[in-house]
Amino acid sequence: MSAKKRILFIANEMSPYLELTEFSEIVNRLAIKANDNGFEVRCIMPRFGTINERRHRLHEVVRLSGINVSVDNEDFPLQIKVASLPNARLQVYFLDNEDLFKRKFVFTDENEQWYDDNALRTVFFCKGALETVKKFGWPPDIIHCSGWMTSLIPAYLKTVYKKEPVFAHSKVVFTIGENTFEESLGDDFVQKALIHASLKEKDLDVFKEATNTALFRGGATHADAITFGSEQIDPALASAFSKVRGKKTLPYNAESDLTDYLQLYVDLAGK
């Protein structure tokens, strides 16, 4: 590569901070491998209350905090924290909000009941991640989104944020993983996800069922490339997205040394 390509990983889980599925470890390895192979890497994830700030040495980035993220006609202060990924010279940024993330569990309460604000938390995280990148002033060549909670980001990049200079040359990779919840984000999920007047319900029609499968389908539909992060993919998604005209796809390979991902990034970003 003649100049360092920039890769931004946006994930709702990443080892060692949160490990819900096998892909949390792959995100960790991908970030380190890309960094070791000449890419400039940053990572963004939610600061769930289960993440121990002291153990992982998180600290607030004052110059980046202070953004208000508007969702569903409410303003939510966005606090940004950072830590260095163990055994790697790269930074992970954590998006936090007192009302949405400071709780002892991730997506369900102590009685394993689905949080009724998971839709709001999802929209806040997706919009907050893109606003954070704008504040960085760090234009990524590749944005790799993994986890259902990141699924709105490809759609937002193709609509609301498409004219933002920082995203002018960004290509989006979306990973379809295993389904991890049976609930729905609610009948009003698409309404909550309309973060700008230019965005219409029809733009997000693919998300309207608000199920785990619908979210993966929405993320993959709007992405430039699709990867599969598990053997346990919803068969309907595997059938729909294994081969899509005009999109690069990367099948799941448990034995992969991740070089195939790096090649995908290079192909998408241009040499």
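This one's a predicted model, so the numbers in the text were calculated from it and none came from an experiment.

Below, the discussion takes up the pairing of strand E2 (residues 40-46). Most of E2 is tucked away: six of the seven residues are buried. For the handedness criterion, the β-α-β arrangement of strand E1 (residues 6-11), helix H1 (residues 23-36) and E2 is classed as right-handed.

The α-helix advances 3.6 residues per turn, and as a result positions three or four apart in sequence lie on the same side. For H1, spanning 14 residues, the distance from its first C-alpha to its last is 20 Å, which sits close to the expected 20 Å at 1.5 Å a residue. Of all the positions in H1, only Phe23, Ser24, Ile26, Val27, Asn28, Leu30, Ala31, Ile32 and Ala34 are classed as buried. Close packing links the buried residues of H1 with E1, E2, strand E7 (142-146), strand E8 (171-176) and helix H9 (259-269). The positive-phi residue at the C-terminal boundary of H1 is Gly38, with phi of around 90°.

Moving on, we get to the layout of surface pockets. Rolled over the atoms, a probe sized like a water molecule indicates the empty space that remains. In this structure, the largest pocket spans a volume of roughly 420 Å³. Surrounding the largest pocket, 23 residues form its lining, Leu20, Thr21, Phe107, Trp148 and Thr180 being those nearest its centre. Split into classes, the residues belonging to the lining of the largest pocket amount to 10 nonpolar, 10 polar and three charged.

Following the UniProt record, the feature "domain: Starch synthase catalytic" (unreviewed entry) maps to residues 6-232 here. The span residues 6-232 carries 28% helix and 23% strand; its end-to-end C-alpha distance comes to 30 Å.

With that settled, consider the packing of H1 against H9. In contact at an axis separation of 10 Å, H1 and H9 are set at 60° when each is read in the N-to-C sense. By the angle between their axes, H1 is oblique relative to H9. When the axes of H1 and H9 are compared, the crossing they make is right-handed. Residues Phe23, Leu30, Lys33 and Ala34 of H1 lie in contact with H9, whose contacting residues are Thr259, Tyr261, Leu262 and Tyr265. Partitioning the contact of H1 with H9 into residue classes produces six nonpolar, one polar and one charged.

Turning our eyes to something else, we now look at the nonpolar core. Membership of the largest hydrophobic core comes to 101 residues, with the highest contact counts inside it found for Ile44, Trp148, Leu152, Tyr156, Ile176, Phe189 and Tyr265. If one sorts the elements of this core by residue count, helix H4 (residues 118-136) sits on top with 10 residues.

We now examine the pattern of salt bridges. Going through the model one piece at a time under the given rule, you end up with 13 salt bridges. For the salt bridge of Arg6 with Glu40, the shortest nitrogen-to-oxygen distance reads 3.6 Å. You can see Arg6 sitting in strand E1 and its partner Glu40 sitting in strand E2, a full 34 residues away along the chain. Judged by relative accessible area, which is 24%, Arg6 ranks as partly exposed.

Quick look at a negative patch on the surface now. There is a patch of like negative charges on the surface, built from Asp72, Glu74, Asp75, Glu98 and Asp99. Those elements that provide at least two residues to the negative patch are strand E5 (74-84) and helix H3 (98-101). Along the chain, the position of Glu98 falls in helix H3.

Let's shift gears to the state of the cysteines. Here a disulfide denotes a covalent bond joining the sulfur atom of one cysteine to the sulfur atom of another. On inspection of all chains with the given rule, the structure shows zero disulfides. Cys145 provides the cysteine sulfur closest to Cys43, a residue in no disulfide bond, and the two sulfurs are 12 Å apart. Relative accessible area serves as the criterion here: at 1%, Cys43 is assigned to the buried category. Here Cys126 stays free of any disulfide, with the sulfur of Cys145 as its closest cysteine sulfur at 7.6 Å.

On to the side chain of Arg47, then. With respect to the helices and strands, Arg47 occurs in the loop between E2 and helix H2 (53-56). A distance of 3.0 Å separates a polar side-chain atom of Arg47 from the backbone oxygen of Ile51. Ignoring any residue separated from it by four or fewer positions in sequence, one finds Arg47 in contact with Glu53, Leu58, Lys81, Phe94, Leu95, Asp96, Phe101 and Lys102.

Cut-off values and rules
- Residues numbered from 1 in each chain as written.
- Predicted model: local features only at pLDDT ≥ 70, side-chain atom pairs only at ≥ 80, totals over all residues.
- Heavy atoms only, no water.
- Buried < 20%, exposed > 50% of the residue type's maximum accessible area, 1.4 Å probe, protein only.
- Helix = DSSP H or I, 4+ residues; strand = E, 2+ residues; numbered from the N terminus.
- Right-handed = clockwise from strand over helix to strand, strands pointing away.
- Expected span 1.5 Å × (residues − 1).
- Contact = heavy atoms within 4.5 Å.
- 1 Å grid on protein atoms, 1.4 Å probe; cavity = no way out; pocket = protein on both sides within 12 Å on 5 of 7 lines; lining within 4 Å.
- Points joined across faces, edges and corners; volume = space filled by probe spheres on them.
- Nonpolar A, V, L, I, M, F, W, Y, C, P; charged D, E, K, R; others polar.
- UniProt positions renumbered as here; feature names shortened; annotations may be inferred.
- Axes fitted to C-alpha atoms, helices over the stretch in contact; angles between N-to-C directions.
- Parallel < 35°, antiparallel > 145°, perpendicular 65-115°, else oblique.
- Left-handed = near helix turned anticlockwise from the far one by under 90°.
- Core = buried A, V, L, I, M, F, W, Y, C linked by side-chain atoms within 4.5 Å.
- Salt bridge = Lys/Arg side-chain N within 4 Å of Asp/Glu carboxyl O.
- Patch = residues over 30% accessible without salt bridge, like charges linked within 9 Å, V, L, I, M, F, W, Y side chains within 5 Å.
- Areas by Shrake-Rupley, 256 points an atom, 1.4 Å probe, with all protein chains shown as cover.
- Lys, Arg positive; Asp, Glu negative; His and termini not counted.
- Charge placed at Lys NZ, Arg CZ, Asp CG, Glu CD.
- Disulfide = S-S within 2.5 Å.
- Polar contact = N/O pair within 3.5 Å; in protein donor to acceptor, adjacent residues only side chain to side chain.

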